[in-house]
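# Structural features, examined
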Amino acid sequence: MKKSILVAASLIAAGAAAAQAPAPMAPDNPPRPTMAPSPSNGEVGARPRPDRAKGITYDLAVEAAQTAVAACAAMPKSYRVTALVTDSAAVPIALVTGDNGAAITQRIAMGKAQLVVKYKMSSSDAVAKAKTDTAFVAELAANPLIVAARPGGLPIMMGSDLVGTISVSGTPDGHDDDCAKAGLDKIAGKLKTF
Amino acid sequence: MRNILLAATAVLCFAAPAFAQMSPANPAPTIVGPPTADELKLPRPARARGIPTALAVEAATAANATCIGNTYKTTALITDSAGVPIVMISNDGAAAITQRIAMTKAQAVLKYKMTSGEVAAKAAADPAFAAEVKANPMIDTARQGAVPIMAGGELIGVFAVSGAPGGDKDEVCTKAGLAKIADRIK
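Notes on the structure in this doc start here. Treat the numbers as computed from the prediction; the structure is a model and nothing was measured.

Attention shifts here to the packing of helix α3 (residues 58-73) of chain A against helix α7 (residues 176-187) of chain A. Residues and elements named next belong to chain A. At their nearest, the axes of α3 and α7 sit 7 Å apart, and the two run at 140° to each other. Regarding the angle of α3 to α7, the classification is oblique. Crossing of α3 against α7: the hand is right-handed. The residues of α7 that touch α3, namely those facing Leu 60, Glu 63, Ala 64, Ala 65, Thr 67, Ala 68, Ala 71 and Cys 72, are Asp 178, Cys 179, Ala 180, Ala 182, Gly 183, Leu 184, Lys 186 and Ile 187.

What follows deals with the packing of helix α3 (residues 53-69) of chain B against helix α7 (residues 167-181) of chain B. All names here are of chain B. Contact geometry for α3 and α7: axes closest at 7 Å, N-to-C directions at 140°. Viewed along their axes, α3 and α7 adopt a mutual orientation that is oblique. Here the hand of the crossing between α3 and α7 comes out right-handed. Of the residues in α7, those touching α3 at Leu 55, Glu 58, Ala 59, Ala 60, Ala 62, Ala 63, Thr 66 and Cys 67 are Val 172, Cys 173, Thr 174, Ala 176, Gly 177, Leu 178, Lys 180 and Ile 181. Split into classes, the residues belonging to the contact of α3 with α7 amount to 11 nonpolar, 3 polar and 2 charged.

Attention shifts here to the interface of chain A and chain B. Counting residues at the interface gives 53 residues for chain A and 55 residues for chain B. Of all elements in the fold, only α2 (41-45), α3, β2 (92-97) and α4 (104-119) of chain A reach the threshold of two or more residues within the side of chain A that touches chain B. Looking at side-chain class alone, the side of chain A that touches chain B contains 33 nonpolar, 13 polar and 7 charged residues. In the sheet, β2(A) pairs with strand β2 (residues 85-90) of chain B via 3 bridges, with the strands oriented antiparallel. Across the sheet, A:Val96 pairs through a bridge with B:Val87, a residue of β2(B).

So, about the sheet that holds β2(B). Judged by pairing direction, the sheet is antiparallel, and its 8 strands sit side by side in the order β3(A)-β4(A)-β1(A)-β2(A)-β2(B)-β1(B)-β4(B)-β3(B) without closing on themselves. Each end of this open sheet is capped by a strand with a single partner; those strands are β3 (153-158) of chain A together with β3 (146-151) of chain B. Going across the sheet, the axis of each strand differs from the next one's by a mean of 15°, ignoring polarity. Where β3(A) lies against strand β4 (residues 161-169) of chain A, 6 bridges are found, and the strand directions are antiparallel.

On to the pairing of β4(A), then. Residues and elements named next belong to chain A. Of the strand pairs in this sheet, strand β1 (residues 82-86) and β4 are connected by 5 bridges, and their pairing is antiparallel. Residue pairing across strands places Ala 83 opposite Val 168, the latter belonging to β4. Linking two consecutive strands that pair antiparallel, namely β3 and β4, is a turn of 2 residues; a positive phi of about 65° is found at Gly 159 within it.

What counts, and where the lines are drawn
- Residues numbered from 1 in each chain as written.
- Chains lettered and ligands numbered in written order.
- Predicted model: local features only at pLDDT ≥ 70, side-chain atom pairs only at ≥ 80, totals over all residues.
- Axes fitted to C-alpha atoms, helices over the stretch in contact; angles between N-to-C directions.
- Helix = DSSP H or I, 4+ residues; strand = E, 2+ residues; numbered from the N terminus.
- Parallel < 35°, antiparallel > 145°, perpendicular 65-115°, else oblique.
- Left-handed = near helix turned anticlockwise from the far one by under 90°.
- Contact = placed C-beta atoms within 7 Å.
- Nonpolar A, V, L, I, M, F, W, Y, C, P; charged D, E, K, R; others polar.
- Pairing = 2+ DSSP bridges.

Right under this line is the structure:
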């Protein structure tokens, strides 16, 4: 009797210790949320709401994102990706995930967009820079919105003006850039901003 | 009452840093930061049930078109049955915060299996329920404008709109978007 109580007590103690340990990043279903937690009532009620930074119009954003998703799906391995078009402050305009694209691709795409906006370069250029520039790598790692340079994020330019980004995530073997480029090419001749 | 205060304090502490950083040039991020290298190595779970992407784009676009027709710059969000976005589209110039508000509406629908307007009505009549909602950082406050996407009696997704001056006006657009695809949802 005493022994079983002791066993039970130590099990509970072990359970408590496990509960205090940092929660393992669950191989998770549901996955870690893509979207940020709710804004406070103060934020929601604040007026005026800040204006959006410059960006391309949403019809073009949707067209580019859908084209990028379709380009990846049409490749021999039919990749299921997320395409994200943002404004010039990295705020999303259109987020489109192909059927059954992994949830985490949305967050990866967002990181690429943040990088493009912050450093005014494609994320592939940032990957190249990171290869020889350890200070740059450390700076990216210290930024929770970027973490690391990964290819697949492109600036949307009008002349010398960055008006947005298009990012793709979800190909495991380096085709994110190709799909983003396909999306960008589709709208390149008709860019207009809000 | 004490619980409500505690929960409210927790939520305020949580939200305050983002609020402090907010500015037109640096809005609080809608989408959380990218995964670390370790997180990237984890298995990628299959997606929960949801509607096809093509239908989601069509419905979200229709909802936004309805709202902009009423001069409201909105965000339309469609998630799968686990609350993972399939499509999110903002009307030109829609405030960044509408994306995060749309997500909280979607979370309310997902958790309580009713429209977010019904969650709000229940919270208004039931303080214990209101405290529970408040304590959930993904919801915080229930606001009308999101509805479940149903197929065969099962919730297979959520459709949320934010940006109109009032949740009832958001819900008009949600319902218009849903009506556009209703007969093709499987």
